[in-house]
Every structure is written in C-alpha cells, then in structure tokens.
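Structural overview for review
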Amino acid sequence: MAIDIGLLILRLVVGLSFMAHGAQKLFGWFGGYGPKGTGGWMESVGIKPGVAIAVLSGLMELVGGLLLAAGFLTVLGAALITLTMLGAIVKVHGRNGYWSTANGYEYNLLLIAVAVALALTGAGAYSLDAAIFN
C-alpha cells in the first residue's frame, strides 16, 4: 500500500509538471511562449524547424505527462517523456556537462530515470492501468 501511494505521488508530480511544460509550449500558459516563441528559441539554438519541433515536443510532454499522471498506458507515457528528455540532452544540455547549474543534463537524466523506473515498476494500484488491465 505504501509503495502504491509513493508511485501515485511520483506519477502526479512528474506527470502534472510535464503537462504544464507541454502547455507552455503549445498554448503559452504558465508563463510559456507558445509555439512561435518556443519555436523561435529552438531555432536560435539550431533546432529546426522550430515551430514544428516546439509543437511536437509540447504534445509529447502534454500527452506523456497526462498518461503518467493518470497511470494509463504508463509505458507509453514514460517513453514520450524519455524521448523528449533525450532530445533536450542531445540538442541543448549535453554539451554543457552534467551539472544543471551549468545548464547541463543532470535534471533531464533524473527525469529519464523516474520515467524508466515507473515504466519498469508499473503505475501502482492507484492507476487506470491497474483498474483496466488487472
């Protein structure tokens, strides 16, 4: 039971955070810049086409976060989050080393670890996966 509550807390915090990041990119909510602003920044760091990639990464974050938070198709949600964070490491943070204080990939790797761990352990008893598939 305690493990299931722990998994629920982890899924909700990480999933809702990713949903918010996706909403920043897609809709400009929560202080975000929307597709045009995010796409412009992406192009400035060499990620092209910026607006299309901003929309794609926003969708991956929004949908991946929703799936993770709900504990529905958790492996798919974790895969979307992992792919998004791998893209951030390859395109932006990897060249800066490990530490997030130097804009490195530390935080991205932490989020990948959480997503992969949730995919491997499952979403827990308090999830749609458990309600539907068990």
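Residues numbered from 1 in each chain as written. Predicted model: local features only at pLDDT ≥ 70, side-chain atom pairs only at ≥ 80, totals over all residues. Heavy atoms only, no water.

1. Focus on the overall build of the protein
Helix and strand counts for the protein stand at six helices and zero strands. Projected onto its principal axes, the C-alpha positions of the protein cover 45 × 30 × 20 Å. Here the protein displays about 7400 Å² of accessible surface, and carbon together with sulfur accounts for 74% of that area. Taken as two groups, the 6 positive and 5 negative side-chain charges of the protein have centres that lie 14 Å from each other. (Helix = DSSP H or I, 4+ residues; strand = E, 2+ residues; numbered from the N terminus. Areas by Shrake-Rupley, 256 points an atom, 1.4 Å probe, with all protein chains shown as cover. Lys, Arg positive; Asp, Glu negative; His and termini not counted. Charge placed at Lys NZ, Arg CZ, Asp CG, Glu CD.)

2. Concerning the UniProt feature "transmembrane region" (unreviewed entry) in the protein
In the UniProt entry, the feature "transmembrane region" (unreviewed entry) is given for residues 66-89 and 109-128. As a span, residues 66-89 carries 88% helix and 0% strand, and end to end its C-alpha atoms are 22 Å apart. Annotation note: span residues 109-128, helix share 70%, strand share 0%, distance between end C-alpha atoms 26 Å. (UniProt positions renumbered as here; feature names shortened; annotations may be inferred.)

3. As for the packing of aromatic side chains
One pass over the structure, following the stated rule, counts four aromatic pairs. Ring centres 6.3 Å apart and planes at 90° place the aromatic pair Trp29 and Phe30 in the edge-to-face group. Taking relative accessible area as the criterion, Trp29 reaches 48% and is therefore assigned partly exposed. Where Tyr98 meets Trp99, the ring centres are 4.8 Å apart and the plane angle is 80°; that geometry is what we call edge-to-face. Every member of this aromatic cluster is reached through a ring pair, and the members are Phe27, Trp29 and Phe30. (Phe/Tyr/Trp six-rings, centres within 6.5 Å; stacked < 30°, edge-to-face > 60°. Buried < 20%, exposed > 50% of the residue type's maximum accessible area, 1.4 Å probe, protein only.)

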